[in-house]
Amino acid sequence: AITIAKFAWLCADDVLALTKGDSTATVSISEGDNLNKITEKLHRAGLINYPWLFKVYGKYSHVEEKVSPGVYELNTQYDYHALVSGMQGSYNRMTTTVTIVEGKTCAEIFEQLEQDGVCKAEDLAKTAANYEFDYDFLEGLEYGSANRLEGFLFPDTYEFYLTDDPESVLDKFLANFDERIDENMESRMASIGYNVREILAIASMLQEEAAVPEEMPIMSSLLYNRLNSESLRLLQMDSTVFYAADQMGTTFDTKLDNPYNTYVYPGLPAGPIDNPGIEAINAALNPDDTDFYYFATGKDGFNHF
């Protein structure tokens, strides 16, 4: 009788966390984890003592249906109900802060997010190519390309959940971009006759080619001078060739037959070649007034026009 009573007490203690110590443990729940896998992870983390008992509880409380993928910080003082609740919402989900610098490509951003534990780069690329995000500035963009959102992933510091959904991650970038492009900027685009993606294409080249932000409005004027010229419409920006080569999985060659190569195709490249910051976007919208058509990088590291 004593043994049965002791056994019952130990079971009750595990279910209700009556005498457990106060410590935290991290548990990572993946998409598709079944009850056995969830139980194994909780046991390994020291959050439950009797896996068989949690499985009984989990079967009748439908744990598999309630738990969401994510990385959670849980406490050993949580009873079974609290453990399950702690793996459902956002309250216990662990986050990470990620800073995206200006001029990174989508592919580079996706790799950084994977390294920081936010989301797999492959999932981000697939979502960027095929998911229908509800933003006016994306209307008309063809689906199917992993760089479909190039230019729209606004460089900034973000807080993401670990093992987050790719849709949520990308939407956070796009919502930030939507907020940054205000009505004045939209009016400016309309007045100079360029749409948002074309402005981003110009801004992305400025981001790559300008040695310092102060050069951006000057270089912007050079690009517009060429775009408006009859005989110099080849922009001949090396940065676009590097991007084209990367897309094709080859090396730099100004003769590459690729719509991003501005040595071969006149006018703007097929799209942005990176994700530019606000200074580059403003410079693309507000070029200086110059007669410059050429530039070269000097030994001093600056561009000379």
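Look up a bit, the structure's there.
**Concerning the overall build of the protein**
Here's step 1: Along the backbone of the protein there are 13 helices and 6 strands.
Here's step 2: Counting only C-alpha atoms, the protein reaches 100 × 40 × 35 Å along its principal axes.
Here's step 3: For the protein, with 305 residues in total, the buried portion stands at 44%.
Here's step 4: For the protein, contacts bridging at least 24 residues in sequence account for 62% of all contacts bridging at least 6.
Here's step 5: Element-wise, carbon and sulfur atoms account for 48% of the exposed surface of the protein, whose accessible area totals about 15,900 Å².
Here's step 6: Distance between charge centres in the protein, computed from 21 positive and 50 negative side chains, equals 10 Å.

**Observations concerning the state of the cysteines**
Here's step 1: Under the criterion given, the structure shown has 0 disulfides.
Here's step 2: Of the cysteine sulfurs around Cys106, a residue in no disulfide, the closest is that of Cys119, at 14 Å.
Here's step 3: For Cys106, a relative accessible area of 1% corresponds to the buried category.

**Let's talk about unusual backbone geometry**
Trans is the common state for peptide bonds, and a negative phi is the common state for residues other than glycine.
Here's step 1: Phi at Thr163 is positive, roughly 50°, even though this residue is not glycine.
Here's step 2: With respect to the secondary-structure elements, Thr163 resides in the loop between β4 (157-161) and α8 (166-180).
Here's step 3: A positive phi is found at Gln236, a non-glycine position, where the angle reads about 55°.
Here's step 4: Tracing the sequence through the fold places Gln236 in the loop between α11 (216-227) and α12 (238-248).
Here's step 5: In this structure Gln236 comes out as partly exposed when scored by relative accessible area, which is 34%.

**Quick word on the side chain of Asn303**
Here's step 1: Residue position: Asn303 is located in strand β6 (residues 303-304).
Here's step 2: Here the side chain of Asn303 touches Glu215 through a polar contact of 2.7 Å, side chain to side chain.
Here's step 3: Here Thr297 takes part through its side chain, which lies 2.7 Å from a polar atom of the side chain of Asn303.
Here's step 4: The residues contacting Asn303, other than those within four sequence positions of it, are Glu209, Ala210, Ala211, Glu215, Met219, Phe295, Ala296 and Thr297.

**What about the packing of aromatic side chains?**
Here's step 1: One pass over the full model with this rule turns up 16 aromatic pairs.
Here's step 2: Ring centres 5.4 Å apart and planes at 65° place the aromatic pair Tyr57 and Tyr80 in the edge-to-face group. Of this pair, Tyr57 sits in helix α3 (residues 51-61) while Tyr80 sits in helix α5 (residues 80-86), placing them 23 residues apart in sequence.
Here's step 3: For Tyr57, a relative accessible area of 24% puts it in the partly exposed group.

**So, the packing of helix α6 (residues 106-115) against helix α7 (residues 121-130)**
Each pair of packed helices can be summarised by the angle the axes make with each other and by the distance between the axes.
Here's step 1: Between α6 and α7, the shortest axis-to-axis distance is 8 Å and the interhelical angle comes to 140°. Comparing the axis directions of α6 and α7 gives the class oblique. Here α6 runs over α7; the crossing is right-handed. Facing Phe110, Glu111, Leu113 and Glu114 of α6, the residues of α7 in contact are Ala121, Glu122, Leu124, Ala125 and Ala128.
Here's step 2: Of the residues in the contact of α6 with α7, the class split is 6 nonpolar, no polar and 3 charged.

**Concerning the pattern of salt bridges**
Here's step 1: Tallied over the entire structure, the rule returns 5 salt bridges.
Here's step 2: Across the pair Arg44 and Glu40 runs a salt bridge whose closest N-O atoms are separated by 2.5 Å. Within this pair, Arg44 and its partner Glu40 are both found in helix α2 (residues 35-44), separated by 4 residues, close to a single helical turn.
Here's step 3: Look at Glu40 and you get partly exposed, because its relative accessible area is 37%.
Here's step 4: For Asp156, the salt bridge identified is with Arg180, shortest N-O distance 2.8 Å.

Conventions we followed
Residues numbered from 1 in each chain as written. Predicted model: local features only at pLDDT ≥ 70, side-chain atom pairs only at ≥ 80, totals over all residues. Heavy atoms only, no water. Helix = DSSP H or I, 4+ residues; strand = E, 2+ residues; numbered from the N terminus. Buried < 20%, exposed > 50% of the residue type's maximum accessible area, 1.4 Å probe, protein only. Contact = heavy atoms within 4.5 Å. Areas by Shrake-Rupley, 256 points an atom, 1.4 Å probe, with all protein chains shown as cover. Lys, Arg positive; Asp, Glu negative; His and termini not counted. Charge placed at Lys NZ, Arg CZ, Asp CG, Glu CD. Disulfide = S-S within 2.5 Å. Polar contact = N/O pair within 3.5 Å; in protein donor to acceptor, adjacent residues only side chain to side chain. Phe/Tyr/Trp six-rings, centres within 6.5 Å; stacked < 30°, edge-to-face > 60°. Axes fitted to C-alpha atoms, helices over the stretch in contact; angles between N-to-C directions. Parallel < 35°, antiparallel > 145°, perpendicular 65-115°, else oblique. Left-handed = near helix turned anticlockwise from the far one by under 90°. Nonpolar A, V, L, I, M, F, W, Y, C, P; charged D, E, K, R; others polar. Salt bridge = Lys/Arg side-chain N within 4 Å of Asp/Glu carboxyl O.

From the geometry alone we can't say anything about function, so treat these as descriptive.
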